[in-house]
Amino acid sequence: MHRRPPRILAVGLTTTFLLGGGAVAGVPAANAATYMDTKKPVRERVEALLKRMSLDEKIGQMTQPERGAVTGDDITRYRIGSVLSGGGSTPTPNTPVAWADMTDGFQRQALATPLKVPLIYGVDAVHGHNNVVGATIFPHNIGLGATRDPGLVRKIGRATAEEVTGTGPDWTFAPCVCVARNDRWGRTYESFGEVPELPSAMSTIVDGFQGRRLDGPASILATAKHYVGDGGTTGGVDQGDTQISEAELRRIHLPPFRAAVRRGVGSVMISFNSWNGVKLHGHRYLITDVLKRELGFSGFVISDWNGIDQIDGQPGFTPAEVTTAINAGLDMIMVPNDWKRFIDTLRAEVQAGRVPMARIDDANRRILTKKFELGLFERPFADRRYLATVGSAEHRALARHAAAKSQVLLKNERGVLPLKRNNNKIFVAGKSADDIGNQTGGWTITWQGSSGDITPGTTILQGIRQNAGRNTTVTYDKEGDGIDRSYKAAIAVVGELPYAEFMGDRPGAMGLDEADLATIAKLRASGVPVIVVLVSGRPLDIAAELPKWNALLEAWLPGTEGRGVADVLFGLTRPTGKLPVTWMRSADQQPINRGDGKAPLFPFGYGLTYRR
Ligand code: GLC
């Protein structure tokens, strides 16, 4: 049974409730004027508001339920400050307008509270606004790392921010600035690369998301995640233990967060992993001493999904875990379902003196500062002018360009590539040749992603057909049936099926599956030169197969604009991508990284181009 939050007892002069901003019910005019006064400095507005807030209102600002577990009335009653959409958690229908209506609906409920503190809505827009059908889906980070183009990545951040803004959310849980050290990790594709300088360089995406000013047009709050060392766990186990020295943690995994903080990233998400046996979600030294004090991070720190449940290694959170997490420096808790119990627990811990009010106030200052800086008090609702940008031709052209630049050419025997556009006869096969779901990968429409026609876009096969010129035949059969010697080139588009997080961990073999190998064998049996296009979230164990292939192009997870891959196949764009991760000679080499003395199949930074 949860107590109702205490009514706001107005003291001193109170003002009558005026619709549309200005004075606020129950708030002495002076303070109501100050915290609502855009001419006042943010710091003053924060202090004026904080003075008015009850403990329950402060705890509400620190609580983030999932949209499916909270009603509009809950938001008003419990003074909830933030709501998230988990991966694939969407309104029905899943359309841009329905998103804007949903977030505006939640926002109206937040503004129905006495202090009218606006909600901040968070989503995982990690390669475009990927929860939304029809949104532009960009290459996943590993492909963007292969471009070595921070300016392009900034543009992608801006385009994504426009599509997010039009649909209502104000905050993306991106970029992942993790440093993937073991390709067995299911989140390798969320990393820009295996060395800190790549995610550090690509932190330009923060500028794209946040704009020159957080209250600028289409600016959304960015999140540097997951702090810290998630890509360095032993065995590449997702949410595992990062068993390295502090020197290595600082050398390899910390720099991208320093870079993101320097760019003014507004939030940081704590990682699920442990560091030498201690869960990051309870790590005061790394969160408060290093991130907030040493790096000078002034935004707010959010937990990962039920992350505080893991601190003691038992399911479900305890009062001790809540206290440990908040006192370690977490400011907002992503507590998707059990959020009422979280509110009651934190209130009790504060009232018992185990969580200092100063810590609660610090957390609120950080959160409210970002809400004021975003302009949410003045413009709390979806900016529907940007709805037209969702999946726009301009954004798709950018995604096509990014897909092309992310391609890494690893083998090209006797210049079998680029393909002639005219007077050619091309056979295309493979499970990922004509599959938007496979080429976009995880975190697309659903959390795990899925094969099939899941959202509008151009498949790699469609791109090949669009690029084919006069007197050129393009034949497609998924398994490769029907190929014969009359064809001049065979393209097998194969690799990994979609996955996300721990579902993508590969502790065992890392090669192609039997279906892919059978398809390639069928093509080879015809005697036609075989070009393999790998759609994968990481390097695969293909050394034994490579000699049988005439060419190999690593496409990574290129997104909805598969024509970018075809642009490289036909030479409309020369391949310029460079490996952002070392390519193993065999899976038992993992982890294998630049400078570790192991002999890879292809070294970090490798990539061919066309002679002409
Ligand atoms: C997930 C992920 C994190 C994501 C969050 C919200 O478990 O670890 O990257 O932002 O939950 O979906």
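What counts as what
Residues numbered from 1 in each chain as written. Predicted model: local features only at pLDDT ≥ 70, side-chain atom pairs only at ≥ 80, totals over all residues. Heavy atoms only, no water. UniProt positions renumbered as here; feature names shortened; annotations may be inferred. Disulfide = S-S within 2.5 Å. Buried < 20%, exposed > 50% of the residue type's maximum accessible area, 1.4 Å probe, protein only. Domains from an automatic or database assignment. Buried area = accessible area lost by both parts, 1.4 Å probe. Salt bridge = Lys/Arg side-chain N within 4 Å of Asp/Glu carboxyl O. Polar contact = N/O pair within 3.5 Å; in protein donor to acceptor, adjacent residues only side chain to side chain. Nonpolar A, V, L, I, M, F, W, Y, C, P; charged D, E, K, R; others polar. Pairing = 2+ DSSP bridges. Helix = DSSP H or I, 4+ residues; strand = E, 2+ residues; numbered from the N terminus. Contact = heavy atoms within 4.5 Å. Axes fitted to C-alpha atoms, helices over the stretch in contact; angles between N-to-C directions. Phe/Tyr/Trp six-rings, centres within 6.5 Å; stacked < 30°, edge-to-face > 60°. Lys NZ or Arg CZ within 6 Å of the ring centre and 35° of its normal. Expected span 1.5 Å × (residues − 1).

- The name recorded for the chain in an unreviewed UniProt entry is beta-glucosidase, from Actinomadura rudentiformis.
- According to its UniProt record, the chain has this under Catalytic activity (unreviewed entry): "Hydrolysis of terminal, non-reducing beta-D-glucosyl residues with release of beta-D-glucose."

## Some remarks on the state of the cysteines
Phase 1: By the definition in use, this model includes one disulfide.
Phase 2: Between the sulfur atoms of Cys-176 and its disulfide mate Cys-178 the distance is 2.5 Å. Residues Cys-176 and Cys-178 are joined by a disulfide whose S-S torsion is about 125°; by sign, that bridge is right-handed. For the pair formed by Cys-176 and Cys-178, the shared burial category is buried.

## Quick word on the domain arrangement of the chain
Phase 1: When its domains are assigned, the chain resolves into domain 1 (29–388) and domain 2 (407–589).
Phase 2: When residues of domain 1 are sorted by the area they lose upon contact with domain 2, Asp-183, Arg-184 and Tyr-189 head the list and together hold 25% of the total.
Phase 3: For the pair domain 1 and domain 2, the interface holds one salt bridge.
Phase 4: A salt bridge links Glu-501 to Arg-187; the shortest N-O distance between them is 3.6 Å.
Phase 5: The interface formed by domain 1 and domain 2 includes 27 residue pairs in polar contact (both at pLDDT 80 or more).
Phase 6: A breakdown of the residues in the side of domain 1 that touches domain 2 according to their chemical character gives 15 nonpolar, 17 polar and eight charged.

## Considering the sheet that holds strand S2 (residues 82–84)
Phase 1: The sheet built from three strands is open, its strands ordered S2-S3-S4 with parallel pairing. Here the strands that pair on one side only, and so sit at the sheet edges, are S2 and strand S4 (171–172).
Phase 2: With two bridges joining them, strand S3 (residues 120–123) and S4 adopt parallel strand pairing. Within S4, the residue paired with Val-123 across the bridge is Thr-172.
Phase 3: Lying on the sheet, helix H5 (residues 96–110) is in contact with S2 and S3; it crosses S3 at an angle near 140°.

## Notes on the UniProt feature "domain: Glycoside hydrolase family 3 C-terminal" (unreviewed entry) in the chain
Phase 1: The sites that carry the UniProt feature "domain: Glycoside hydrolase family 3 C-terminal" (unreviewed entry) are, in the present numbering, residues 408–610.
Phase 2: Here residues 408–610 runs as 16% helix and 15% strand, with 12 Å between its end C-alpha atoms.

## Notes on the pairing of strand S13 (residues 425–429)
Phase 1: With respect to burial, S13 is a largely interior element, four of its five residues being buried.
Phase 2: Relative to strand S14 (residues 473–476), S13 runs parallel, the two sharing four bridges. By the bridge assignment for S14, Val-428 is matched with Tyr-476.
Phase 3: Here S13 runs beside strand S15 (residues 489–495); their pairing, made up of four bridges, is parallel. Along S15, the bridge assignment pairs Ile-426 with Ala-489.

## Thoughts on the pairing of strand S17 (residues 551–554)
Remember that side chains alternate between the two faces of the sheet whenever the strand is regular.
Phase 1: Residues Ala-551 and Leu-553 line one face of S17 and the alternating positions Leu-552 and Glu-554 line the opposite face, and both faces are buried.
Phase 2: Where strand S16 (residues 530–535) meets S17, four bridges bridge the pair, whose relative direction is parallel. Among the inter-strand pairings, Val-532 is bridged to a residue of S17, identified as Leu-552.

## Quick look at the sheet that holds strand S10 (residues 300–302)
Phase 1: Here we have three strands laid out as an open sheet, ordered S5-S7-S10, and parallel in their pairing. Among the strands making up the open sheet, the edge pair consists of strand S5 (223–227) and S10. Here the average twist between neighbouring strands, direction ignored, is 25°.
Phase 2: Here strand S7 (residues 267–270) pairs with S10 via three bridges, running parallel. Directly across from Ser-267, in S10, lies its bridge partner Phe-300.
Phase 3: Running at roughly 160° to S5, helix H11 (residues 255–262) makes contact with S5 and S7 of the sheet.
Phase 4: Contacts from helix H12 (residues 284–294) reach S5, S7 and S10, with the element oriented near 145° to S5.

## Section: the pattern of salt bridges
Pairing between side chains of opposite charge can happen when the charged atoms of each approach one another.
Phase 1: Considering all chains together, one arrives at 38 salt bridges under this definition.
Phase 2: Measuring nitrogen to oxygen at the nearest pair gives 2.5 Å for the salt bridge that ties Asp-383 to Arg-385.
Phase 3: Overall, the relative accessible area of 19% leaves Asp-383 in the buried class.
Phase 4: Where salt bridges share partners, they join Lys-292, Asp-331, Arg-359, Asp-362 and Arg-366 into one cluster.

## Things to note about the packing of aromatic side chains
Phase 1: All told, the structure shown has 14 aromatic pairs when counted by the stated rule.
Phase 2: On the numbers, 5.1 Å between centres and 75° between planes, the contact of Trp-171 with Phe-300 is edge-to-face. One end of the pair, Trp-171, is in strand S4; the other, Phe-300, is in strand S10, and 129 residues separate them in sequence.
Phase 3: What makes Trp-171 buried here is its relative accessible area of 0%.
Phase 4: Between Phe-427 and Tyr-487, the aromatic rings sit 5.2 Å apart at their centres with planes inclined by 90°, giving edge-to-face as the arrangement. You can see Phe-427 sitting in strand S13 and its partner Tyr-487 sitting in the loop between S14 and S15, a full 60 residues away along the chain.
Phase 5: Phe-427 gets classed as buried once you look at its relative accessible area, which sits at 0%.
Phase 6: Take Tyr-487: its relative accessible area is 10%, and that puts it in the buried class.
Phase 7: Against the face of Phe-377 rests Arg-45, its NZ or CZ located 6.0 Å from the ring centre.
Phase 8: Taking the ring centre of Phe-317 as reference, the NZ or CZ of Arg-341 above it sits at 3.8 Å.

## Remarks on helix H15 (residues 357–374)
Phase 1: Its 18 residues place the ends of H15 26 Å apart at the C-alpha level, agreeing with the 26 Å of an ideal helix rising 1.5 Å per residue.
Phase 2: Listing the buried residues of H15 in full gives Arg-359, Ile-360, Asp-361, Ala-363, Asn-364, Arg-366, Ile-367, Leu-368, Lys-370, Lys-371, Phe-372 and Leu-374.
Phase 3: Downstream of H15 by a residue or two, Gly-375 has a phi angle that is positive, lying close to 80°.

## Re the side chain of Ser-219
Phase 1: The residue Ser-219 is located in the loop between helix H9 (204–210) and S5 in this model.
Phase 2: Residue classification places Ser-219 among the buried positions, given a relative accessible area of 11%.
Phase 3: Within the local environment of Ser-219, its side chain forms a polar contact with the backbone oxygen of Gln-210, the two atoms lying 3.0 Å apart.
Phase 4: Non-local contacts of Ser-219, meaning those with residues more than four positions away in its chain, are made with Arg-158, Thr-165, Phe-209, Gln-210, Gly-211, Arg-213, Leu-214 and Leu-374.

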